[in-house]
Amino acid sequence: MHEAAVNPWAALAYLVAGVCFILALRGLSSPATSRRGNRFGIVGMTIAVVTTLVTHVPLGGLSGAHGPAIPLDGDWVDLPTVFEILLAIGVGAAIGLVTARRIAMTAMPQLVAAFHSLVGLAAVLVGVAAYLNPAAFGIADLVVPMIGQPFAVIHPVSRVEMTLGVAIGAITFSGSVIAFLKLNGNMGGKPILLPARHVINLGTLAAILALVAYFVTDQSPVVFGLIVLLSFAIGFLLIVPIGGADMPVVVSMLNSYSGWAAAAMGFTLHNSAMIITGALVGSSGAILSYIMCRAMNRSFISVIAGGFGAVADIGGGGQAIDRPWKRGSAEDAAFLMGQAEQVVIVPGYGMAVAQAQHVLREMGDKLKESGVRVKYAIHPVAGRMPGHMNVLLAEANVPYDEVFELEDINAEFAQTDVAFVIGANDVTNPAAKTDKTSPIYGMPVLDVEKAKTVLFIKRSMGGVGYAGVDNELFYRDNTMMLLADAKKMVEEIVKALG
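Reading guide: rules and limits
Residues numbered from 1 in each chain as written. Predicted model: local features only at pLDDT ≥ 70, side-chain atom pairs only at ≥ 80, totals over all residues. Heavy atoms only, no water. Helix = DSSP H or I, 4+ residues; strand = E, 2+ residues; numbered from the N terminus. Buried < 20%, exposed > 50% of the residue type's maximum accessible area, 1.4 Å probe, protein only. Contact = heavy atoms within 4.5 Å. Areas by Shrake-Rupley, 256 points an atom, 1.4 Å probe, with all protein chains shown as cover. Expected span 1.5 Å × (residues − 1). Arc of directions from axis to C-beta. Salt bridge = Lys/Arg side-chain N within 4 Å of Asp/Glu carboxyl O. Axes fitted to C-alpha atoms, helices over the stretch in contact; angles between N-to-C directions. Parallel < 35°, antiparallel > 145°, perpendicular 65-115°, else oblique. Left-handed = near helix turned anticlockwise from the far one by under 90°. Nonpolar A, V, L, I, M, F, W, Y, C, P; charged D, E, K, R; others polar. Patch = residues over 30% accessible without salt bridge, like charges linked within 9 Å, V, L, I, M, F, W, Y side chains within 5 Å. Lys, Arg positive; Asp, Glu negative; His and termini not counted. Charge placed at Lys NZ, Arg CZ, Asp CG, Glu CD. Phe/Tyr/Trp six-rings, centres within 6.5 Å; stacked < 30°, edge-to-face > 60°. Core = buried A, V, L, I, M, F, W, Y, C linked by side-chain atoms within 4.5 Å.

Help me understand the overall build of the protein in this model?
Along the backbone of the protein there are 17 helices and 10 strands. The burial tally for the protein puts 46% of its 498 residues in the buried class. Long-range pairs, those at least 24 residues apart, make up 74% of the contacts in the protein with a sequence separation of at least 6. Looking at the protein as shown, the accessible area adds up to about 23,000 Å², and 65% of this sits on carbon and sulfur atoms.

How should I be thinking about helix α2 (residues 34-55) in this particular structure?
Spacing of three or four residues puts side chains on the same side of an α-helix, whose turn is 3.6 residues. With 22 residues, α2 extends 31 Å from end C-alpha to end C-alpha; this agrees with the ideal 32 Å at 1.5 Å per step. Within α2, the full set of buried residues consists of Gly37, Gly41, Gly44, Ala48, Thr51 and Thr55. One face of α2 carries all of its buried residues, which in axial projection span an arc of 105 degrees. The exposed residues of α2 that point more than 90 degrees off its buried face are Arg35, Arg39, Ile42 and Val54.

For this particular structure, what's the right way to read the pattern of salt bridges?
Opposite charge on two side chains allows them to pair when their charged atoms are near. Throughout the structure, instances matching the rule amount to 10 salt bridges. A salt bridge links aspartate 365 to arginine 361; the shortest N-O distance between them is 3.3 Å. Of the two residues, aspartate 365 and arginine 361 are both situated in helix α13 (residues 357-369); the distance of four residues between them amounts to about one turn of the helix. Put simply, lysine 433 and glutamate 449 hold a salt bridge, and the shortest N to O gap is 2.5 Å. Remark: glutamate 449 occurs in the loop between α16 (431-434) and β9 (453-458) and lysine 433 occurs in helix α16; sequence separation between them is 16 residues. On the accessibility criterion, glutamate 449 (13% relative accessible area) is buried. Bridged by salt links that share partners, the residues Arg361, Asp365, Lys368 and Glu402 form one connected network.

Looking at this structure, I do not really get the packing of helix α4 (residues 108-132) against helix α5 (residues 156-183). What am I missing?
Axes are the key here: two packed helices are described by the angle between their axes and the distance separating the axes. Two numbers describe how α4 lies on α5: the axes approach to 7 Å, and their chain directions differ by 155 degrees. Relative to α5, the element α4 is oriented roughly antiparallel. Of the two elements, α4 crosses α5, and the hand of that crossing is left-handed. Residues of the contact of α4 with α5, tallied by class, amount to 17 nonpolar, nine polar and no charged.

Where do I start with a negative patch on the surface in this structure?
Where like charges cluster on the molecular surface, the negative patch consists of Glu331, Asp332, Glu362, Glu491 and Glu492. Breaking the negative patch down by element, the ones donating at least two residues are α11 (330-338) and α17 (486-497). Turning to its location among the elements, glutamate 492 is positioned in helix α17.

Just checking my understanding: could you explain the packing of aromatic side chains for this structure?
Centre-to-centre distance and the angle between the planes together describe a pair of aromatic rings. For the structure shown, the criterion picks out six aromatic pairs. Measuring from ring centre to ring centre gives 5.8 Å for phenylalanine 173 and phenylalanine 232, while their planes differ by 75 degrees; the resulting arrangement is edge-to-face. A residue pair is termed long-range when its members are at least 10 positions apart, and phenylalanine 173 in helix α5 and phenylalanine 232 in helix α7 (residues 221-239) qualify at 59 residues. By relative accessible area, phenylalanine 173 is classed as partly exposed at 24%. When the ring of phenylalanine 456 is compared with that of phenylalanine 474, the centres are 4.8 Å apart and the planes differ by 80 degrees; the resulting orientation is edge-to-face. One end of the pair, phenylalanine 456, is in strand β9; the other, phenylalanine 474, is in the loop between β9 and β10 (479-483), with 18 residues separating them in the sequence.

Sorry, what's going on with the nonpolar core here?
In globular proteins that are soluble, nonpolar side chains generally tend to be buried together. With 77 residues, the main nonpolar core has Met337, Met363, Phe420, Ile422 and Ile493 as its most contacted residues. Those residues in contact with isoleucine 422 that lie beyond four places of it in its chain are Ile345, Val346, Pro347, Gly348, Gly350, Met351, Ala356, Leu360, Ile457, Ala486 and Val490. Formed by 29 residues, the second largest nonpolar core is a distinct cluster that contains Val249, Cys293, Val346 and Val421.

I keep staring at unusual backbone geometry and nothing clicks. Help me out?
Across residues other than glycine, the phi torsion is negative in most instances, and most of the peptide bonds are trans. Even without glycine at this site, histidine 270 takes up a positive phi of about 55 degrees. Within the secondary structure, histidine 270 sits in the loop between α8 (247-269) and α9 (272-295). On the accessibility criterion, histidine 270 (42% relative accessible area) is partly exposed. Non-glycine residue asparagine 397 carries a positive phi angle of around 60 degrees. Residue position: asparagine 397 is located in the loop between α14 (388-395) and β7 (403-405).

If you want it as structure tokens, here you go:
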């Protein structure tokens, strides 16, 4: 096997790949440069994969003995193994291509969670393979006979790297599976609160760290197996208590975990590209999680501990409130917005479900033609993953200078004639500021209730938000409910605007 560590060209290629990944993150920080960032990411990953394949050609095949083989530097390339590797890459590429073409934007958060789970599972499988055959991974000090069988003693440092990678990977896998089930609707959005959950979580984490420390002195398969099982369990325990309103932060946090798992496995595999990539993903995911926690008034430590944003089933959530409310039509909405000086559009998951972003942009264009000032207000956790609404609006070619984040737009609602809310429930709920019994209490929300008129598109009055909380904004005197499918309602408004 040709190690990249002794090949200066491979080291240079990995460096170039790392630079491409940094440029990719830089590009993805803004919708205006996101396409360029994606291209840098593709180029960097292609360089890293090709370099790894070239520098780690499977050797050891004997021509005419164990299948086809070709000579290379005095050894033989094992062609059957090469074919298996290329076949696996081809199958994975085909699945990824089909998924990318068929996946709906509404299912993107679930897809991201699923990808995180695969990264975590890959880290676990690599760690298990390294434990079972450490000599092949170059992490064995020596091989000694043990009951008639060879026994490889793993480097102490490699034991730490390997077990930490496996533990983080297992946490990422099971946590991402739960996140996927919640995002996909297979599990409810309400927190599932276990008795003494914090004690159980902290005890399990302490047990994992203690077993990792013990594994340095005794590479027992029992200890290794316990680390794997407990890590799978803690991933489940950390994510189950988290409510639906906080799922975007969960996706960001799991993204960070998957990066650290990849970095740890990079040390085990002696692959600098994996270390660089994993560190970039892990650190950027952690920074994003911290920023989102600040935006939601959550504790970053509570995010890591699990169960943040979760409260007992007390007042403020669950059933819709039985109070009088006002219903409007598309013609009413068109008249109010047509007479306005400024309209602020607040998109949410309801827009994503209805795929209404394109017709929404058309509505905005018609309003601007009439002299109305149009802006879009984005909450940091609107939708089901970080940046969900930004991606949808960019897909519809909404001008970037019309899109504003919460901290930049909130002060303008008091001077806004119409706030047009399309499926953004929890992030516009005034209860987050007033009701201490609400599961979303303390989370900064968009101050849409301060606008002169609030137009709120919702399918029906019977449902509640993803956090399981009804929105008291529906019953305010300045709110008019537009009950219909979001896309159909906006299409009717566009027609009414002429």
